Amino acid sequence: MRAEQFIECNGYVVEVIRSNRRKTADLRVEEGAVSIVVPQDTAADKIKQVLQSKRSWIAQKLAVQREIMPASGRQYVSGEALPYLGRNYRLKVNTGHFKPAKLINGRLVVTVPADTNQSAMARNAVIRWYKRHAEEKLSEKAERYAKLMGVQPKSIGIKTFKSRWGSCLKNGHIDFNWLVMMAPNRVVDYVVVHELCHLTHYDHSTLFWKEVARQLPDYEECRSWLRNNAHTLTL
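What counts as what
- Sequence order sets the numbering: in each chain, residues are counted from 1 along the sequence as written.
- Totals for whole chains, interfaces and linings use every residue, but because this is a predicted model, local features are given only for residues with pLDDT of at least 70 and side-chain atom pairs only at 80 or more, for both listing and counting.
- As a rule here, side-chain values come from all non-hydrogen atoms in the structure, and water together with hydrogens is ignored.
- A run of DSSP states H or I qualifies as a helix once it reaches four residues; a run of E qualifies as a strand once it reaches two. Both are numbered from the N-terminal end.
- As a reference, a globule follows 2.2 Å times the number of residues to the power 0.38, and the radius of gyration itself is taken over C-alpha atoms.
- Each residue gets one of three labels from its accessible area relative to the maximum for its type: buried under 20%, exposed over 50%, partly exposed in between, using a 1.4 Å probe on protein chains only.
- Contact criterion: two residues are considered in contact whenever any of their non-hydrogen atoms come within 4.5 Å of each other.
- Here the Shrake-Rupley method, with its probe set to 1.4 Å, supplies the accessible areas, and only the displayed protein chains count as covering residues.
- A positive count includes Lys and Arg, and a negative count includes Asp and Glu. His and the chain ends are not counted in either.
- Charged side chains are reduced to one point each, which is NZ for Lys, CZ for Arg, CG for Asp and CD for Glu.
- Whether two strands pair depends on DSSP finding at least two bridges between them.
- An axis is simply a line fitted to the C-alpha atoms; with a helix, the fit covers only the stretch in contact. Between two such axes, the angle follows the N-to-C directions and lies from 0 to 180 degrees.
- For this analysis, a nonpolar core means a set of buried residues of the types Ala, Val, Leu, Ile, Met, Phe, Trp, Tyr and Cys, connected via side-chain atoms within 4.5 Å.
- Aromatic contacts are taken between Phe, Tyr and Trp rings whose centres are within 6.5 Å, Trp giving its six-membered ring; a plane angle under 30 degrees counts as stacked, one over 60 as edge-to-face, and the others as tilted.
- When the NZ atom of lysine or the CZ atom of arginine is within 6 Å of a ring's centre and also within 35 degrees of its normal, the charge is said to sit over that ring.
- By arc we mean the arc of the directions from the helix axis to the C-beta atoms, nothing more.
- Distance and chemistry together define a polar contact, namely a pair of N or O atoms within 3.5 Å, with one atom able to donate a hydrogen and the other to accept it when in protein, and with adjacent residues in sequence counting only for side-chain atoms on both sides.

Chemist: Explain the overall build of the protein to me, and be specific about the residues and the numbers.
Modeler: Of the regular secondary structure elements, the protein holds six helices and 11 strands. By the compact-globule yardstick of 18 Å for 235 residues, the protein fits well, its C-alpha radius of gyration being 19 Å. A total of 235 residues make up the protein; the buried ones form 46% of that total. Within the protein, residue pairs in contact and separated by at least 24 positions form 46% of the contacts whose partners lie at least 6 positions apart. Total accessible area computed for the protein in this model is approximately 13,000 Å², and 47% of it derives from carbon and sulfur atoms. Both charge centroids of the protein, one from 37 positive and one from 23 negative side chains, sit 2 Å from each other.

Chemist: I'd like to hear about the sheet that holds strand β8 (residues 107–112), residue by residue, with values.
Modeler: Taken together, the four strands give an open sheet; going across it, the order is β5-β6-β8-β7, and neighbouring strands pair in mixed fashion. Here the strands that pair on one side only, and so sit at the sheet edges, are β5 (81–84) and β7 (99–104). Strand-to-strand twist in this sheet, taken as the mean axis angle between neighbours without regard to direction, amounts to 30°. Pairing between β5 and strand β6 (residues 87–95): four bridges, direction antiparallel. Its bridge partner being in β6, Pro83 is matched across the sheet by Asn88.

Chemist: Describe the nonpolar core, naming the residues involved and giving the relevant values.
Modeler: Counting 53 residues, the largest nonpolar core has Tyr130, Met181, Tyr190 and Leu235 as its most contacted members. Of all the elements in the fold, those that place two or more residues in this core are β5, β6, β8, α3 (118–149), β11 (173–177), α4 (185–197), α5 (206–215) and α6 (219–229). A total of 13 residues in this core trace back to one element, the largest contributor, which is α3. Non-local contacts of Tyr130, meaning those with residues more than four positions away in its chain, are made with Leu82, Pro83, Tyr84, Trp178, Met181, Met182 and Leu235.

Chemist: Let's hear about the sheet that holds strand β10 (residues 166–168): which residues, and what values?
Modeler: Reading across from one edge, β9-β11-β10 is the order of the three strands in this open sheet, with mixed pairing throughout. Looking at strand neighbours, the two that pair on one side only are β9 (155–159) and β10, the edges of this open sheet. The average undirected angle you get between the axes of adjacent strands in this sheet is 20°. As defined by bridge partners, β9 adjoins β11 across five bridges and the pair is classed as parallel. By the bridge assignment for β11, Ile158 is matched with Phe176. Along the sheet face, α3 touches β9 and β11 and points at about 145° away from the line of β9. Relative to β11, α4 is tilted by about 155°, and along the sheet it contacts β10 and β11.

Chemist: I'd like to hear about the packing of aromatic side chains, residue by residue, with values.
Modeler: Scanning the entire structure with this criterion turns up eight aromatic pairs. Seen from their ring centres, Tyr84 and Tyr130 are 6.2 Å apart, and the 70° between their planes marks the pair as edge-to-face. Linking Tyr84 in strand β5 with Tyr130 in helix α3, this pair joins segments that are 46 residues apart in sequence. Take Tyr130: its relative accessible area is 0%, and that puts it in the buried class. Lying across the ring of Phe161, Arg164 places its NZ or CZ 5.8 Å from the centre.

Chemist: With reference to specific residues and values, describe helix α1 (residues 44–53).
Modeler: Restricting attention to buried positions, one finds in α1 the residues Ile47, Val50 and Leu51. Buried residues of α1, viewed axially, fall in a sector of 95°; they line one side. In α1, the exposed positions that point more than 90 degrees away from the buried face belong to Asp45 and Ser53.

Chemist: Explain the environment of Lys92 to me, using residue names and the numbers behind them.
Modeler: Counting through the fold element by element, Lys92 comes out in strand β6. Apart from the residues within four sequence positions on either side, Lys92 is in contact with Ser78, Arg107, Leu108, Val109 and Val110.

Chemist: So what's going on with the environment of Thr160? Which residues, and what values?
Modeler: Along the chain, Thr160 turns up in the loop between β9 and β10. Classification of Thr160 as partly exposed rests on a relative accessible area of 38%. Sequence separation of Thr160 and Glu31 is 129 residues, and the distance between their C-alpha atoms is 8.7 Å. Dropping the residues within four chain positions of it, Thr160 is found in contact with Glu31, Lys131, Asn177 and Trp178. Polar side-chain contacts of Thr160 include one of 2.8 Å to the side chain of Trp178.

Right, here's the structure in full:
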């Protein structure tokens, strides 16, 4: 799957993702961001028709998600600091036709229309940026550590968890919480190693922690950092 375009619609931006595996449109509203997965050859007019027919549903979903979003204290205006793998990047919000967030000269730059809720739209763009990079970086880390450990996960995905940084199923599928990308790089390594160790020890036994320590001798420091700072890793 790949992002084909972004459509400004009814005061929000919809990410269009085309996939050869889809036979019908799949509309999603997650973390206040709207996306639609459609078959590869779906015409733009057809996509707009689907969005228009679901206008009320989308608005209702967005309203509910705004109410339940955890308060981060951020206003999503230029100058705010956003942590990524141990470094802080300043947000730069421009006004104009929507452009996805992009890291330019040490700043996370996003362009949003003037006649919208710019704060909400900038937040959505930032979340998309974090998720996109989480998919890439966490897969890279998992692949690298898996080779060192002699294990092979069935698949790697990212999700939004309320109270955990990852999960490993007995079938070998691993999911990571994309918000961990706001933590220092070494802490992210710990989360990856932790879940990979569950491929051989599906518990938190002494053997499990010994394997974690074998891969990351300083894992207790990383674990402690997460316990003490988890509340700060939110958008």
